[in-house]
Amino acid sequence: MLIGGKWRYGESEYEVCDPYRGLVVSIAPISTAHDLDDALVSAVKGKKIAAKLAGYQRADILHRAGAILAERIDEIAEIMARETGKAIKDCKGEVERSCSTVRLSAEEAVRITGEHVPMEASAMGAGKVAMLLRFPVGVVAGITPFNAPFNLAMHKIAPAFAAGNAIVLKPPPQAPLVVHKLVQIMVEAGMPEGVLNVVYGNDVGPLLVRDPRVDFISFTGSAAVGEIIKAASGLRRVALELGGTGQTIVDQDADLVAAAPVCARNAMRLAGQSCASVQNLYVHHSRRCELIERMEAEIAMLKTGDPLDPETDVGTMIDEAAAMRVEQWATEAVSGGARLVIGGGRTGAQLQPTLLADVTPSMKVVNTEVFGPLASVQTFDDIGKVFEIISEAPLGLQCGIYTNNLQTSMNAVRRIRSGAVIVNGTSTWRVDQMPYGGVKGSGIGREGPYYAMRDLTEERLVVFNL
């Protein structure tokens, strides 16, 4: 643990095993309520230190962190692959993206702006000068998941600090060592004592979000946990990046040569363990057979196996229990009339990339977030009804649509209630500077350094009576 600028062991520990080999990768502390209290005491002091730093000073620290990180990509990627079972090529990609995330945060640290308020718009305001200024919120609680453990931790730490806040981070229990490497880099880069504090284990999570010393809660994870956090937050502000059911529409005029391989790979990469992973495909009935055939051919070419093999496309799921759950959902769907196009097999935590056809809306693989390497295909005649189905679904993270018709794409943008509509792309698309997040049960607020920092600062009105 990092508390008050000092490293601390836990009273007890737990082991993290490689989901592919079953070997111990890391040993992490289990933080106690006392550890958490010390971390929060430290953060309360740290928020004053962070707020006093000039923007260029915070930016310098973050730029140094980015330079150190760029030298350790391979080391960090290997740890991530071992802890999570994610393919090494995807792990390297995630760490490289984190270099962009910290750079973008550094750049935003020096351009936090307010605005002039035109007081002369009314007789009472005439002659006065007013402006909105932005100030740090204080202590940020950051809770991150296992599926992108390094970059999502960076999305909590870097924008929070860039905005002048202190943070108490609780990393995922499945990937503690890779986040520890990030924390070490921040310390090496010159993060002031007490500004960044890290605790581990599930026991302290509920205590952290309920503690009144926390001014802002930033959580990435499941919708069920997000709802609990929202209920516990009271009047404090939150940013919740939650789940999705990955809808992607393929209309009758779509370029399937381009669309089908992307749909297939974006359903299976990261073993489907992404909030925006392609899960539900809606294809016009006239293109159904072609889409399924092309996706099946693409999926058949994906290499599964050892996450450390540079040629592996799809590693394991986070553990065997997760793979067994998705396997069971697929079995239930087939028993209910769905057709298994390809995949379905499982060895330990390794689930073969799976494509289903002839599914129905009542099946779990359709109406519940799968979070595994499984996608389902449904057909439609009236695309307007698909817009309604997606808009009325409980989750609304991102939606993709393939069409060459400008009017169809604009109708999708206007009618689909979702955090994003990706035209001629799938639901699985994100760059780190964009506002990423959902609506409805998929969350509140947006990630992306500029957008996160708007939430991580609060407005204060200044009026000069001159």
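Placed above this text is the structure.
All values reported here derive from a predicted model rather than from experimental measurement.

**Student:** Hey, could you go over the overall build of the protein for me, with residue numbers and the actual values?
**Tutor:** Along the backbone of the protein there are 15 helices and 24 strands. The principal-axis extent of the C-alpha atoms belonging to the protein is close to 70 × 65 × 40 Å. Taking all 466 residues of the protein together, the buried fraction comes to 55%. Once local pairs closer than 6 in sequence are excluded, the contacts in the protein between residues at least 24 apart make up 72%. For the protein, the accessible area works out to roughly 19100 Å², and carbon and sulfur atoms hold 54% of it. Mean positive and mean negative side-chain charge positions of the protein (46 and 53 charges, respectively) differ by 6 Å.

**Student:** Please provide a residue-by-residue account of the packing of aromatic side chains, values included.
**Tutor:** Counted according to the given criterion, the structure contains 2 aromatic pairs. Centre to centre, the rings of Phe146 and Phe371 are 6.0 Å apart; their planes meet at 85°, and the pair counts as edge-to-face. With Phe146 in the loop between strand 7 (139-143) and helix 5 (149-162) and Phe371 in the loop between helix 12 (364-367) and strand 18 (374-380), this residue pair connects regions lying 225 residues apart in the sequence. Centroid distance Tyr450 to Tyr451: 4.9 Å. Interplanar angle 85°. Geometry classified as edge-to-face. The aromatic ring of Trp329 is capped on one face by Arg325, whose charged end is 4.8 Å from the ring centroid. Above the plane of the ring of Phe135 lies Arg460, whose end atom (NZ or CZ) is 3.8 Å from the centre.

**Student:** Lay out the sheet that holds strand 12 (residues 247-250) with the relevant residues and their values.
**Tutor:** Hydrogen bonds between backbone groups are what pair the strands of a sheet, and the pairing can be parallel or antiparallel. With mixed pairing, 7 strands are arranged side by side in an open sheet as 14-17-18-13-12-20-21. With partners counted over all chains shown, the strands left at the sheet margins are strand 14 (339-342) and strand 21 (421-423), one partner each. Geometrically, the sheet is characterised by an average inter-axis angle of 25° between neighbouring strands, direction not taken into account. Alignment of strand 14 against strand 17 (residues 354-357), held across 3 bridges, turns out to be antiparallel. Directly across from Leu340, in strand 17, lies its bridge partner Leu356. Each of strand 12, strand 13 (280-284), strand 17, strand 18 and strand 20 (399-402) is contacted by helix 9 (residues 256-268), which is oriented at about 140° to strand 18, the strand it contacts most. Its contacts with the sheet place helix 11 (residues 320-335) against strand 14, strand 17 and strand 18, and it is angled at close to 25° to strand 17.

**Student:** Any chance you could break down the side chain of Gln273 for me, citing the residues and the numbers?
**Tutor:** For Gln273, the position within the fold is in the loop between helix 9 and strand 13. Classification of Gln273 by relative accessible area gives buried; the value is 6%.

**Student:** Go over the sheet that holds strand 6 (residues 128-136) with me, naming the residues and quoting the values.
**Tutor:** Taken in spatial order, the 3 strands of this open sheet run 5-6-24, and their pairing is antiparallel. The open sheet has two free edges, formed respectively by strand 5 (115-117) and strand 24 (457-465), since each of these has just one partner strand. Between one strand axis and the next, the sheet turns through 30° on average, direction left out of account. The pairing of strand 5 with strand 6 spans 3 bridges and is classified as antiparallel. When the sheet's bridge partners are listed, His116 is paired in strand 6 with Met131.

**Student:** Tell me what's going on with the layout of surface pockets, and back it up with residues and numbers.
**Tutor:** In this structure, the largest pocket spans a volume of roughly 680 Å³. When residues of the lining of the largest pocket are traced back to their parent elements, those giving at least two are helix 7 (204-210), strand 10 (216-220), helix 8 (223-233) and helix 11. In terms of residue class, the lining of the largest pocket is built from 16 nonpolar, 10 polar and 3 charged. Of the voids in this model, the second largest pocket is the one considered here, and its volume is about 450 Å³. Lining the second largest pocket we find 24 residues, and of these Arg97, Ala148, Arg269, Leu270 and Ser274 sit closest to its centre. At the level of secondary structure, the elements contributing two or more residues to the lining of the second largest pocket comprise helix 4 (88-109) and helix 5. Of the residues assigned to the lining of the second largest pocket, the class counts are 8 nonpolar, 8 polar and 8 charged.

**Student:** Tell me what's going on with the environment of Glu83, and back it up with residues and numbers.
**Tutor:** Topologically, Glu83 is positioned in helix 3 (residues 73-84). For Glu83, a relative accessible area of 1% puts it in the buried group. With 52 residues separating them in the primary sequence, Glu83 and Phe135 have C-alpha atoms 38 Å apart. The contact partners of Glu83, leaving out residues within four places of it in the chain, are Val16, Cys17, Pro19, Val25, Ser26, Gln174, Ala175, Pro176, Leu177, Val178 and Ile318. Polar contacts involving the side chain of Glu83 include one to the side chain of Ser26, which spans 2.7 Å. A polar atom in the side chain of Glu83 sits 3.2 Å from the backbone nitrogen of Val178.

**Student:** Quick one: what's the story with empty space enclosed by the protein, residue by residue and with numbers?
**Tutor:** For the structure shown, the criterion picks out 4 cavities of 30 Å³ or more. Space inside the largest cavity adds up to approximately 100 Å³. Taken together, Val140, His155, Lys156, Ala160, Phe216, Ser218, Ala239, Arg446, Glu447, Ala452, Asp455 and Leu456 make up the lining of the largest cavity. For the lining of the largest cavity, the secondary-structure elements that each account for two or more residues are helix 5, strand 10 and helix 15 (449-455).

Scoring rules and cut-offs
Residues numbered from 1 in each chain as written. Predicted model: local features only at pLDDT ≥ 70, side-chain atom pairs only at ≥ 80, totals over all residues. Heavy atoms only, no water. Helix = DSSP H or I, 4+ residues; strand = E, 2+ residues; numbered from the N terminus. Buried < 20%, exposed > 50% of the residue type's maximum accessible area, 1.4 Å probe, protein only. Contact = heavy atoms within 4.5 Å. Areas by Shrake-Rupley, 256 points an atom, 1.4 Å probe, with all protein chains shown as cover. Lys, Arg positive; Asp, Glu negative; His and termini not counted. Charge placed at Lys NZ, Arg CZ, Asp CG, Glu CD. Phe/Tyr/Trp six-rings, centres within 6.5 Å; stacked < 30°, edge-to-face > 60°. Lys NZ or Arg CZ within 6 Å of the ring centre and 35° of its normal. Pairing = 2+ DSSP bridges. Axes fitted to C-alpha atoms, helices over the stretch in contact; angles between N-to-C directions. 1 Å grid on protein atoms, 1.4 Å probe; cavity = no way out; pocket = protein on both sides within 12 Å on 5 of 7 lines; lining within 4 Å. Points joined across faces, edges and corners; volume = space filled by probe spheres on them. Nonpolar A, V, L, I, M, F, W, Y, C, P; charged D, E, K, R; others polar. Polar contact = N/O pair within 3.5 Å; in protein donor to acceptor, adjacent residues only side chain to side chain.

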